[in-house]
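The residues making up each chain are set out below.
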Amino acid sequence: MVPFKEIYCSDCKLVLARYSTKYFTDSDIHELTRLHHSSHIKNGHVMETRVTE
């Protein structure tokens, strides 16, 4: 089973995205988070990256 990294917003209590570690590097995930979830970041929400199986 390939592990996934989830982008989780602690303020909204939502998983915003899941990325397979097989296809995405840490820098890819960071860039995608910055591009696609910038509204959460600009509003001061706390974003976490967590590993799931």
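Keep in mind that what you see is a predicted model, and the values were worked out from it rather than measured. Numbering of residues starts from 1 in every chain and runs along the sequence as written. Thresholds applied to this predicted model are a pLDDT of at least 70 for local features of residues and 80 or more for the giving and counting of side-chain atom pairs; totals over whole chains, interfaces and linings are not thresholded and use all residues. Side-chain metrics rest on all non-hydrogen atoms present in the structure, leaving aside hydrogens and water.

Enquirer: Before we go on, may I ask you to explain the overall build of the protein chain in this structure?
Expert: Numbered from the N terminus, helices here are DSSP runs of H or I no shorter than four residues, and strands are runs of E no shorter than two. Each helix and strand counted, the protein chain has two helices and three strands in total. Listing each helix as α and each strand as β along the protein chain from the N terminus yields β-β-α-α-β. It is over C-alpha atoms that the radius of gyration is taken, and the globule rule equals 2.2 Å times the number of residues to the power 0.38. Computed over C-alpha atoms, the radius of gyration of the protein chain comes to 11 Å, within 12% of the 10 Å expected from 2.2 N^0.38 for 53 residues, which places it in the range of a compact globule. Seen through its principal axes, the protein chain has C-alpha atoms that stretch 35 × 20 × 10 Å. Burial classes: relative accessible area under 20% of the type maximum marks a residue as buried, over 50% as exposed, and values in between as partly exposed (1.4 Å probe, protein chains only). The 53 residues of the protein chain split such that 26% are buried.

Enquirer: In this structure, what is going on with the sheet that holds strand β2 (residues 14–20)? I would like to understand it.
Expert: Strands in a sheet are paired, the pairing made by backbone hydrogen bonds, and the direction either parallel or antiparallel. Sheet architecture is open: three strands sit in the order β2-β1-β3, paired in antiparallel fashion. The open sheet has two edge strands, β2 and β3 (47–52), and neither has a second partner. Pairwise comparison of adjacent strand axes, ignoring direction, gives a mean angle of 25° for this sheet. Strand pairing requires that DSSP identify at least two bridges connecting the strands. Bridge count for strand β1 (residues 4–9) against β3 is six bridges, and the pairing is antiparallel. If you follow cysteine 9 over to β3, its bridge partner there is methionine 47. Lines fitted to the C-alpha atoms define the axes, with helices restricted to the stretch that makes contact. Angles between their N-to-C directions range from 0 to 180 degrees.

Enquirer: It is not clear to me how the packing of aromatic side chains should be interpreted in this structure. Could you clarify?
Expert: The way to describe two aromatic rings as a pair is by their centre distance and the angle between their planes. Think of it this way: a Phe, Tyr or Trp ring, Trp meaning its six-membered ring, pairs with another when their centres are within 6.5 Å, and the plane angle makes it stacked under 30 degrees, edge-to-face over 60, tilted otherwise. Following the criterion strictly, the structure yields one aromatic pair and no others. With a centroid separation of 5.2 Å and an interplanar angle of 65°, the aromatic rings of tyrosine 19 and phenylalanine 24 are classed as edge-to-face. For phenylalanine 24, a relative accessible area of 31% puts it in the partly exposed group. Our definition puts a charge over a ring when NZ of Lys or CZ of Arg is within 6 Å of the ring centre and also within 35 degrees of the ring normal. Across from the ring centre of phenylalanine 4, 4.4 Å away, lies the NZ or CZ of arginine 18, which sits over that ring. The ring of tyrosine 8 is capped by arginine 50, whose NZ or CZ atom sits 4.0 Å from the centre of that ring.

Enquirer: Can you help me understand the environment of isoleucine 29 in this one?
Expert: Locating isoleucine 29 in the fold gives a position in helix α1 (residues 26–36). In this structure isoleucine 29 comes out as buried when scored by relative accessible area, which is 3%. When the C-alpha positions of isoleucine 29 and arginine 18 are compared, they lie 9.3 Å apart, and in sequence the two are 11 residues distant. Excluding its chain neighbours within four sequence positions, the residues that come into contact with isoleucine 29 are Lys5, Ile7, Tyr19 and Phe24. Note on contacts: a residue pair is in contact if any heavy atoms of the two residues lie within 4.5 Å.

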